[in-house]
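Next come the chains, spelled out residue by residue.
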Amino acid sequence: MPAQGATPVTHRALAPDLARGLMLLLIALAHAHMYLGGHPVGFRGYALDGGTPDRPVAGVQILLVDGRALPMFAALFGYGLVQLANRQLAAGRSPSQVRAVLRRRSLWLPAFGFCHALLLFFGDILGAYGLVGLVLAGFVLREDRTVLRAAVAGLVAHVVVMVAFGLLTVSGPKGDTPAAMADPIEATMMRLIGWSGMTPTYFAASVLPAFLFGVWDARRRLLEEPLTHRDLLVRVAILGIGLAVAGGAPLALIDTGAWAPSDLVAVSAYVLHSLTGVAGGLAYAASGR
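What counts, and where the lines are drawn
Residues numbered from 1 in each chain as written. Predicted model: local features only at pLDDT ≥ 70, side-chain atom pairs only at ≥ 80, totals over all residues. Heavy atoms only, no water. Helix = DSSP H or I, 4+ residues; strand = E, 2+ residues; numbered from the N terminus. Expected span 1.5 Å × (residues − 1). Bend = angle between axes of the 7 residues up to and from the residue. Contact = heavy atoms within 4.5 Å. pLDDT = per-residue confidence, 0-100. Salt bridge = Lys/Arg side-chain N within 4 Å of Asp/Glu carboxyl O. Buried < 20%, exposed > 50% of the residue type's maximum accessible area, 1.4 Å probe, protein only. Polar contact = N/O pair within 3.5 Å; in protein donor to acceptor, adjacent residues only side chain to side chain. Phe/Tyr/Trp six-rings, centres within 6.5 Å; stacked < 30°, edge-to-face > 60°.

1. Some thoughts on helix H8 (residues 230-255)
Alright, step 1. With 26 residues, H8 ought to run about 38 Å at 1.5 Å a step, and its terminal C-alpha atoms sit 36 Å apart, in line with that.
Alright, step 2. Maximal helix bending in H8 amounts to about 40°, located at Ala-249; proline Pro-250 follows within four positions.
Alright, step 3. Looking at the buried side of H8, the elements it contacts are helix H2 (54-64) and helix H9 (263-287).
Alright, step 4. A positive phi of about 85° marks Gly-257, the residue just after H8.

Structure, rendered in structure tokens:
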């Protein structure tokens, strides 16, 4: 059976590609501050001793960018796997062959992610996308109810992991990120250690629920047929962005120094910020149409 190549440009849906481009811009914004060293930082890595212009910028990014771009791309990743699976099924492949193709595609992502962490950045997310794709490739072909149940379970896992990382943040030592370390050998070792520990935990938990919601969305061709689903897309965009802003406000106040609550309240704000970021990511993907 001949292999299926890439979708011709004239047949591509514009909205997912535009959303991916927006996501890349947001991810660049979300990580730029991590290259600044020698400053005390908050939960999201922003300097707590920044000047007057720095704090409002950090607050806006915490509200609208941090923890919102990653789930947006995760949803688009799930959406794209469904599109790939549909093309394979239309070409006559069996479900087991389709799952093998999806896993083979996903297998390359951890390899690229390892190289990314080794050479450039500790916060690589390609490895997490690949890991989720490998484990959950079968869900691309499962019934909708199963996908939604798994997405809810993913939200629970997301909360549990974020609670653990929030507690580590308030109790552990705070130093420069590997991106800001001067010694290249030390920075390389710390990038690999951080990537190895965070990929199957923090990043996978961040990707999981949005990925599954993206699978569900793709079943209905929400981004490919926006006029048919306009009312739903508008509701998702408005409600999701509203939840992201409201849920991110407490952490924005904490990380900009405007509020200094107890550690337990701060961890709760951190978890709320991350959880509502899933809604924000889905809203950003929906607003692309």
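2. Observations regarding the confidence of the model for the protein chain
Alright, step 1. Per-chain confidence: the protein chain averages 90 in pLDDT, with 93% of residues scoring 70 or above.
Alright, step 2. Mean pLDDT across the elements of the protein chain ranges from a minimum in helix H1 (residues 14-31), with 74, to a maximum in H8, with 96.

3. Some remarks on the pattern of salt bridges
Close approach of charged atoms allows side chains with opposite charge to pair.
Alright, step 1. Inspection of every chain in the model, using the stated rule, returns five salt bridges.
Alright, step 2. A salt bridge links Asp-144 to Arg-219, with the nearest nitrogen and oxygen atoms 2.5 Å apart. Pair noted here: Asp-144 is in helix H6 (residues 144-171) and Arg-219 is in helix H7 (residues 184-219), with a separation of 75 residues, a long-range link.
Alright, step 3. With relative accessibility at 25%, the residue Asp-144 sits in the partly exposed group.
Alright, step 4. Across the pair Arg-221 and Glu-224 runs a salt bridge, and its minimum N-O distance is 3.4 Å.
Alright, step 5. Looking at Arg-221, the relative accessible area reads 38%, which means it is partly exposed.
Alright, step 6. Of the residues examined, Glu-224 reaches a relative accessible area of 23% and is grouped as partly exposed.

4. Some points on the side chain of Thr-256
Alright, step 1. Structurally, the position occupied by Thr-256 is in the loop between H8 and H9.
Alright, step 2. Exposure remark for Thr-256: the relative accessible area of 14% places this residue in the buried category.
Alright, step 3. A distance of 2.6 Å separates the side chain of Thr-256 from the backbone oxygen of Ala-252, its partner in a polar contact.
Alright, step 4. When neighbours within four sequence positions are excluded, Thr-256 is seen to be in contact with Arg-55, Ala-58 and Gly-59.

5. Digging into the packing of aromatic side chains
Alright, step 1. A complete count under the given rule lists ten aromatic pairs for this structure.
Alright, step 2. Ring centres of Phe-73 and Tyr-129 lie 5.3 Å apart, and the angle between their planes is 80°; on these two criteria the pair is classed as edge-to-face. A residue pair is termed long-range when its members are at least 10 positions apart, and Phe-73 in helix H3 (residues 69-90) and Tyr-129 in helix H5 (residues 126-136) qualify at 56 residues.
Alright, step 3. With 5.7 Å between their ring centres and 50° between their planes, Phe-77 and Tyr-129 make a pair best called tilted. One end of the pair, Phe-77, is in helix H3; the other, Tyr-129, is in helix H5, with 52 residues separating them in the sequence.
Alright, step 4. Classification of Phe-77 by relative accessible area gives buried; the value is 15%.
Alright, step 5. Site record: aromatic cluster; members linked through ring pairs are Phe-73, Phe-77, Tyr-129 and Phe-211.

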